[in-house]
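# Structure assessment
For reference, the chains in residue letters:
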Amino acid sequence: MKQHSLGQAARAAGISLDYINVNGEKEAISDETLQALLAVMDDPQDAKKSPLPPVAVFSGSGKRQLTPQGSGVYRWQLQTEKGKQHSGELTAGEPFTLPGPLAQGYHQLTLSKGKKSWQTRLIVAPRRCYLPPALEAGEKRWGALVQLYTVRSEQNWGIGDFGDLDQLLVQLAERGGDFVGLNPLHALYPASAGFASPYSPSSRRWLNVIYIDVSQVADFQQSAAAQKWWNSARTRKALTKAREAELVDYEAVMALKLAALRHAWAHFQTRDSQSEEHQSWAAFVHEGGDSLRYQAAYDGIQLERRADKAQQGGWPAWPEGWRNSQLPEVQQWCAQHEEEIAFWQWLQWLAQQQFSGCWTHSQALGMSVGLYRDLAVGVAEGSAETWHDPELYRLKASVGAPPDRLGPLGQNWGLPPMDPHVMKARGYQPFIDMLRANMRDCGALRIDHVMSLLRLWWVPAGETADKGAYVAYPVNDLLGILALESHRLRCMVIGEDLGTVPQEIVSLLRKSGVFSWKVLWFEQEKG
């Protein structure tokens, strides 16, 4: 590819041709890096054949216009989120003003000509994110930031759990505190519990089941088999050892909890299918859809393969026929292991029930923020998300940071990036789903490395981090959706903006009502 056309192709794909290095100087990206990143990116061709983009986001109360491409006259039909319909005709190449007033939310615009039709998702968003009334009024609130896994109590099994979180809320509220801030609670790897970094999750949509407070589970308390196991000398010895360990013994704690929860699951299955608990679980499974099903299947398959040490890194180390959730061998396993899948779905339901209970309690205690969650910047390569949806992630690249004084070769975090072109082609649904999963049952969400809304440093597979380049993301669209979901779920937003952050994103964040995240040590002034 010639130099000129290479640069054009890179710019069209959103790849920056240079960046400002640690010395404040402009540094060019090599042709080799541009070619490598172009090779791994996806730019859906279907979107280019449509008269309108697959999605359009409108923030604030400005004019809402689109200019369809092509030629001639189109018939248009707009269906609002609440089911109301508008229709008419428009001419290609001329600005088309959306019928108003169009409420905030998700609407569908369809253009048609002859037998052909094209759809565009219209998203109408507020200009700024939600803010609790107390903070809107200028009041100040304080709380405690906690790494939940470090909490020890007489009740837990060697790791902090949702029962401890509930007690923390009570103790903090008694002292006038308004929230408990948490590490990411994303789903990890029950079959490889020692791989415990909350910033390299298996999924950002589901919870880490190690945080389930087993003692709160009614089916554990009511199961004779569970209580016999619980009171056995062997269990008591293993529990004492886990509790007394200086560091969290993830493998031991997970083994104990899974053994206990297997007994509880057996008891749950004896319940009447019309019982309130059974109905709640069934609704949760239905709502979770394929995302929950394949998260559960992935956990089950990983556990089955745990004996093979070489395959503990997740699906990239599995035989080829198992490296995608839709492959025949995986589908056959799922058909033969429906009960195992149901068990892991049930664990997710338990975790969500307990976490939701903490949130409800925080509101009853009068906390305006209550729970403050943390959203990791991505998922690990060997994650359930990349296994189930490889099209969304660029698996031949990973994200990180360019060279700086602390890391002369830059940083490579080993997290495959979401492809912005695929996100847009899907009407940003993956981003929306992720926000909803993390904004539910909390009053604040911290977004780790918030600069990812504007750009991410992509590193081609097999290269060191200094061989990367910035790839642009549709920041205005993403901020609009962030504000919309923030209001719908009444969840304020905090952006982790430490380090080298371009002024462009700082200004956009402030205008969008996203709070800055500061470390007190760096904020002190000399006396």
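First, a word on what this report is: a plain description of the structure on this page. These numbers were taken from a predicted model, which means no experiment stands behind them.

For the rest of this paragraph, the subject is the overall build of the chain. Each helix and strand counted, the chain has 18 helices and 21 strands in total. Taking 24 Å as the expected radius of gyration for a compact globule of 527 residues, we find that the chain reaches 25 Å, a close match to that expectation. Reported as C-alpha extents along the three principal axes, the dimensions of the chain are approximately 80 × 60 × 55 Å. Burial analysis of the chain (527 residues in total) assigns 52% to the buried set. Summing over all exposed atoms, the chain offers an accessible surface of approximately 25000 Å²; the carbon and sulfur share of this is 50%. The average position of the 53 basic charges and that of the 57 acidic charges among the side chains of the chain differ by 4 Å.

It is worth spelling out the pairing of strand 20 (residues 492-495) at this point. Here strand 20 shows a buried face lined by Met492 and Ile494 and a second buried face lined by Val493 and Gly495. Two strands pair when backbone bridges link them, and strand 17 (residues 444-447) and strand 20 are joined in this way by four bridges, in the parallel orientation. From the neighbouring strand, Arg446 faces strand 20, where its bridge partner is Ile494. Direction of pairing for strand 20 relative to strand 21 (residues 515-516): parallel, over a ladder of two bridges. If you follow Ile494 over to strand 21, its bridge partner there is Phe515.

Below, the discussion takes up the layout of surface pockets. Of the voids in this model, the second largest pocket is the one considered here, and its volume is about 520 Å³. Taken together, 19 residues form the lining of the second largest pocket, with Arg141, Phe179, Tyr372, Ile494 and Phe515 sitting closest to its centre. Counting only elements with at least two residues in the lining of the second largest pocket, the list comes to strand 10 (143-146), strand 20 and strand 21. In the lining of the second largest pocket, the residues fall into 12 nonpolar, three polar and four charged.

A separate point is the sheet that holds strand 6 (residues 85-91). Strand order in this open sheet of five strands is 3-9-8-5-6, and the pairing throughout is mixed. One side of each edge strand has no neighbouring strand; the edge strands of this open sheet are strand 3 (55-59) and strand 6. Taking the axes of each pair of neighbouring strands and ignoring which way they run, one obtains an average angle of 25° across the sheet. Two strands pair when backbone bridges link them, and strand 5 (residues 73-79) and strand 6 are joined in this way by seven bridges, in the antiparallel orientation. Paired with Gln77 across the strands is Ser87, a residue of strand 6. Where helix 16 (residues 475-488) meets the sheet, it contacts strand 3, strand 8 (105-113) and strand 9 (116-125), and its direction lies at approximately 130° from that of strand 8.

With that settled, the discussion passes to the packing of aromatic side chains. Summed over all chains, the structure comprises 27 aromatic pairs. Aromatic pair Tyr298 and Trp387: ring centres 5.0 Å apart, planes at 40°, arrangement tilted. Of this pair, Tyr298 sits in helix 10 (residues 276-304) while Trp387 sits in helix 13 (residues 384-388); the two residues are 89 residues apart in sequence, bridging distant segments of the chain. Overall, the relative accessible area of 0% leaves Tyr298 in the buried class. You can call Trp387 buried: its relative accessible area is 0%. Ring pairs connect the aromatic residues Trp265, Phe268, Trp281, Phe343, Trp344, Trp346 and Trp349, which therefore count as one cluster. One cation-aromatic arrangement involves Arg446 over Trp517; the distance from NZ or CZ to the ring centre is 4.2 Å.

This part takes up helix 12 (residues 338-364). One turn of the α-helix equals 3.6 residues, which is why residues spaced by three or four share an orientation. Across its 27 residues, helix 12 extends 38 Å between first and last C-alpha, which sits within 8% of the 39 Å expected from 1.5 Å per residue. After helix 12 finishes, the residue Gly366 shows a positive phi value of roughly 85°.

This part is about the packing of helix 5 (residues 162-174) against helix 12. Where helix 5 contacts helix 12, the two axes come as close as 9 Å, and the packing angle between them is 5°. For the element pair helix 5 / helix 12, the angle class is roughly parallel. Listed contacts from helix 12 to Phe162, Leu165, Asp166, Leu169 and Val170 of helix 5 are Ala351, Gln354, Phe355, Gly357, Cys358, His361 and Ser362. When its residues are assigned to classes, the contact of helix 5 with helix 12 shows seven nonpolar, four polar and one charged.

Further remarks concern the packing of helix 15 (residues 429-439) against helix 16. Viewed as axis vectors pointing N to C, helix 15 and helix 16 meet at an angle of 35°, and their least axial separation amounts to 10 Å. Here the hand of the crossing between helix 15 and helix 16 comes out right-handed. Mapping the contact onto sequence places Phe431, Ile432, Leu435, Arg436 and Met439 in helix 15 and Leu478, Ile481, Leu482, Glu485 and Ser486 in helix 16. Across the contact of helix 15 with helix 16, the residue classes tally to seven nonpolar, one polar and two charged.

The next point concerns the pattern of salt bridges. Evaluated as defined, the whole model comprises 18 salt bridges. For the salt bridge of Arg488 with Glu81, the shortest nitrogen-to-oxygen distance reads 2.6 Å. Highlighted residues: Arg488 in helix 16 and Glu81 in the loop between strand 5 and strand 6, separated in sequence by 407 residues. A salt bridge links Asp219 to Arg271, with the shortest nitrogen-to-oxygen separation between them at 3.0 Å. One end of the pair, Asp219, is in helix 6 (residues 218-222); the other, Arg271, is in the loop between helix 9 (250-268) and helix 10, with 52 residues separating them in the sequence.

Let us look at empty space enclosed by the protein. On inspection of all chains with the given rule, the structure shows five cavities of 30 Å³ or more. Roughly 260 Å³ of internal volume is contained in the largest cavity. Forming the walls of the largest cavity are 23 residues, and the residues nearest its centre are Arg204, Val377, Met434, Ser452 and Leu456. With three residues, the single largest contributor to the lining of the largest cavity is helix 15. In terms of residue class, the lining of the largest cavity is made up of 19 nonpolar, two polar and two charged. In terms of lining residues, the second largest cavity is bounded by Leu188, Tyr189, Pro190, Ala193, Phe195, Asn208, Ile210, Tyr250 and Met254. A breakdown of the residues in the lining of the second largest cavity according to their chemical character gives eight nonpolar, one polar and no charged.

On the basis of which strands lie adjacent, the open sheet formed by four strands has the order 16-15-18-19 and antiparallel pairing. Edge strands, defined here as strands with exactly one partner in the open sheet, are strand 16 (411-415) and strand 19 (469-472). Within this sheet the neighbouring strands show an average axis-to-axis angle of 50°, counted without direction. In this structure, strand 15 (residues 397-401) lies alongside strand 16, joined through three bridges in antiparallel fashion. Residue pairing across strands places Ala401 opposite Gln411, the latter belonging to strand 16. Running over the sheet, helix 2 (residues 31-40) touches strand 15, strand 18 (455-460) and strand 19 and is turned about 100° from strand 18.

Tracing the sequence through the fold places Arg128 in the loop between strand 9 and helix 4 (133-136). Sequence-wise, Arg128 and Met492 are 364 residues apart; in three dimensions their C-alpha atoms are separated by 10.0 Å. The residues contacting Arg128, other than those within four sequence positions of it, are Ala483, His487, Arg510, Lys511, Ser512 and Gly513. Polar side-chain contacts of Arg128 include one of 3.3 Å to the backbone oxygen of Lys511.

Basis of the calculations
- Residues numbered from 1 in each chain as written.
- Predicted model: local features only at pLDDT ≥ 70, side-chain atom pairs only at ≥ 80, totals over all residues.
- Heavy atoms only, no water.
- Helix = DSSP H or I, 4+ residues; strand = E, 2+ residues; numbered from the N terminus.
- Rg over C-alpha atoms; globule rule 2.2 N^0.38 Å.
- Buried < 20%, exposed > 50% of the residue type's maximum accessible area, 1.4 Å probe, protein only.
- Areas by Shrake-Rupley, 256 points an atom, 1.4 Å probe, with all protein chains shown as cover.
- Lys, Arg positive; Asp, Glu negative; His and termini not counted.
- Charge placed at Lys NZ, Arg CZ, Asp CG, Glu CD.
- Pairing = 2+ DSSP bridges.
- 1 Å grid on protein atoms, 1.4 Å probe; cavity = no way out; pocket = protein on both sides within 12 Å on 5 of 7 lines; lining within 4 Å.
- Points joined across faces, edges and corners; volume = space filled by probe spheres on them.
- Nonpolar A, V, L, I, M, F, W, Y, C, P; charged D, E, K, R; others polar.
- Axes fitted to C-alpha atoms, helices over the stretch in contact; angles between N-to-C directions.
- Contact = heavy atoms within 4.5 Å.
- Phe/Tyr/Trp six-rings, centres within 6.5 Å; stacked < 30°, edge-to-face > 60°.
- Lys NZ or Arg CZ within 6 Å of the ring centre and 35° of its normal.
- Expected span 1.5 Å × (residues − 1).
- Parallel < 35°, antiparallel > 145°, perpendicular 65-115°, else oblique.
- Left-handed = near helix turned anticlockwise from the far one by under 90°.
- Salt bridge = Lys/Arg side-chain N within 4 Å of Asp/Glu carboxyl O.
- Polar contact = N/O pair within 3.5 Å; in protein donor to acceptor, adjacent residues only side chain to side chain.

By themselves these figures say nothing about function.
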